[in-house]
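Structural features, examined
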Amino acid sequence: ADSNGVACTACVAGTYKVNNGSAVCNLCAMDLYSTTLAAVAPDTCLGCPAHSRSDEGSDELTDCSCVAGYTGPDGGGCVGCVAGTYKVNNGSAVCNLCALDLYSTTVAAVTPDTCLGCPTHTRSDEGSDEITDCSCLVGYSGTSDGAACTACEPVTYKSATGVGQCAACPAGTSS
């Protein structure tokens with residue numbers, strides 16, 4: 001008990017108190033945590049692993065969660081979202097794929113705005129990570145993936161996606 005007869009209690013994990021007396025325990029700062037009971041120094045608060053954060057007063061390593069643009073289990077192992085993906089919020093959720101007909105070369109992206117539209121008359125799969133993933137639509141020709149494509153001329157056709165020229169329609173047919 002202190003001099004006023006009040007029972008003393010140990011600081012809980014996630015807090016510390018440097019001096020004796022009736023003052024309250026201090027919270028470990030944001031992005032720090034401590035599992036130590038009755039801690040007497042701020043250095044008992046440990047830093048969260050790279051690319052993770054925690055709230056003030058965190059008392060477990062698993063209170064550290066990956067920041068936006070990174071994914072992994074709470075408490076560590078956060079890795080950047082690969083190109084073609086993004087993650088808006090903090091936490092252990094997986095990264096989101098860029099939508100169809102979009103691509104992104106950005107690693108650790110934090111917004112879907114990093115997903116850019118494919119050139120005119122091209123398409124790409126979800127999660128595409130480079131412009132060359134954008135290929136010409138059926139009925140459009142082009143000389144390289146990642147470049148705008150042009151419509152086949154009348155009486156020509158192209159039946160596959162990707163690079164290639166339009167072919168003449170067989171005799172007696174049209175497009």
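A brief structural summary. (Residues numbered from 1 in each chain as written. Predicted model: local features only at pLDDT ≥ 70, side-chain atom pairs only at ≥ 80, totals over all residues. Heavy atoms only, no water.)

1. Quick notes on the overall build of the protein chain
Formally: The helix count covers DSSP runs of H or I at least four residues long, the strand count covers runs of E at least two residues long, and both are numbered beginning at the N terminus. When accessible area is computed with a 1.4 Å probe and restricted to protein chains, residues below 20% of their type maximum are described as buried, those above 50% as exposed, and intermediate ones as partly exposed. We call two residues contacting when some pair of their heavy atoms lies within 4.5 Å. Values of accessible area rely on a 1.4 Å probe in the Shrake-Rupley scheme; residue burial ignores everything except the protein chains shown.
Helix and strand counts for the protein chain come out as 0 helices and 18 strands. Referenced to the eigenvectors of the C-alpha coordinate spread, the extents of the protein chain come out at roughly 105 × 20 × 20 Å. The 175 residues of the protein chain split such that 34% are buried. Counting only contacts in the protein chain whose residues sit at least 6 apart along the sequence, the fraction spanning at least 24 positions is 30%. Here the protein chain displays about 9,800 Å² of accessible surface, and carbon together with sulfur accounts for 55% of that area.

2. Remarks on the state of the cysteines
To keep it simple, the criterion reads: Two cysteine sulfur atoms make up a disulfide if the distance between them is within 2.5 Å.
Per the stated rule, a full pass over the model turns up 9 disulfides. For Cys66, the disulfide goes to Cys78, at an S-S distance of 2.0 Å. Between Cys66 and Cys78, the disulfide has an S-S torsion of -95° and is therefore left-handed. Taken together, the positions of Cys66 in strand 6 (residues 65–66) and Cys78 in the loop between strand 7 (70–71) and strand 8 (79–80) put the pair 12 residues apart, joining distant regions of the chain. A residue is classified by how much of its surface remains accessible, and Cys78, at 12% relative accessible area, is buried. Across the disulfide from Cys98 sits Cys115; the S-S distance is 2.0 Å. For the disulfide bridge between Cys98 and Cys115, the dihedral angle about the S-S bond is near -75°, and by the sign convention the bridge is left-handed.

3. Observations regarding unusual backbone geometry
Unusually for a residue other than glycine, Asp101 sits at a positive phi of about 70°. Judged by its relative accessible area of 33%, Asp101 falls in the partly exposed class. The phi torsion at His121 lies on the positive side, around 65°, for a residue other than glycine. Checked against the element boundaries, His121 lands in the loop between strand 12 (116–117) and strand 13 (122–123). Among the residues examined, His121 registers a relative accessible area of 32% and is labelled partly exposed.

4. Observations concerning the side chain of Thr114
Filter applied, for reference: Pairs of N or O atoms are called polar contacts if they sit within 3.5 Å, as long as, within protein, a hydrogen donor faces a hydrogen acceptor (for residues adjacent in sequence, only side-chain-to-side-chain pairs).
Tracing the sequence through the fold places Thr114 in the loop between strand 11 (102–103) and strand 12. A polar contact is formed between the side chain of Thr114 and the backbone oxygen of Thr111, at a distance of 2.9 Å. When neighbours within four sequence positions are excluded, Thr114 is seen to be in contact with Tyr86, Tyr103, Ser104, Thr106 and Ala109.

5. Considerations on the environment of Tyr103
Here Tyr103 lies in strand 11. Look at Tyr103 and you get buried, because its relative accessible area is 10%. Considered as a pair, Tyr103 and Thr15 are 88 residues apart in the sequence and their alpha carbons are 45 Å apart. Once residues lying within four places of it in the same chain are set aside, the contact partners of Tyr103 are Cys98, Thr114, Cys115, Leu116, Gly117, Cys118, Ser128, Glu130, Ile131 and Cys134.

6. Here we look at the environment of Asn96
Within the fold, Asn96 resides in strand 10 (residues 96–97). Taking the C-alpha atoms as reference, Asn96 lies 21 Å from Ala50; in sequence the two are 46 residues apart. The residues touching Asn96, leaving out its near neighbours within four places in the chain, are Gly84, Thr85, Tyr86 and Lys87.

7. A short note on a negative patch on the surface
Note the threshold: Nonpolar side chains (Val, Leu, Ile, Met, Phe, Trp, Tyr) are joined into patches within 5 Å and like charges within 9 Å, using only residues with over 30% relative accessible area and no salt bridge. A side-chain nitrogen of Lys or Arg and a carboxyl oxygen of Asp or Glu constitute a salt bridge if their distance falls within 4 Å. Charge assignment in this entry is limited to Lys and Arg as positive and Asp and Glu as negative, and neither His nor the chain termini are counted. Charge positions come from single atoms, namely NZ of Lys, CZ of Arg, CG of Asp or CD of Glu.
A surface patch of like charges, here negative, comprises Asp59, Glu60, Asp63 and Asp74. Note on placement: Asp63 falls in the loop between strand 5 (52–53) and strand 6.

Geometric descriptors of this kind do not, in isolation, establish any biological role.
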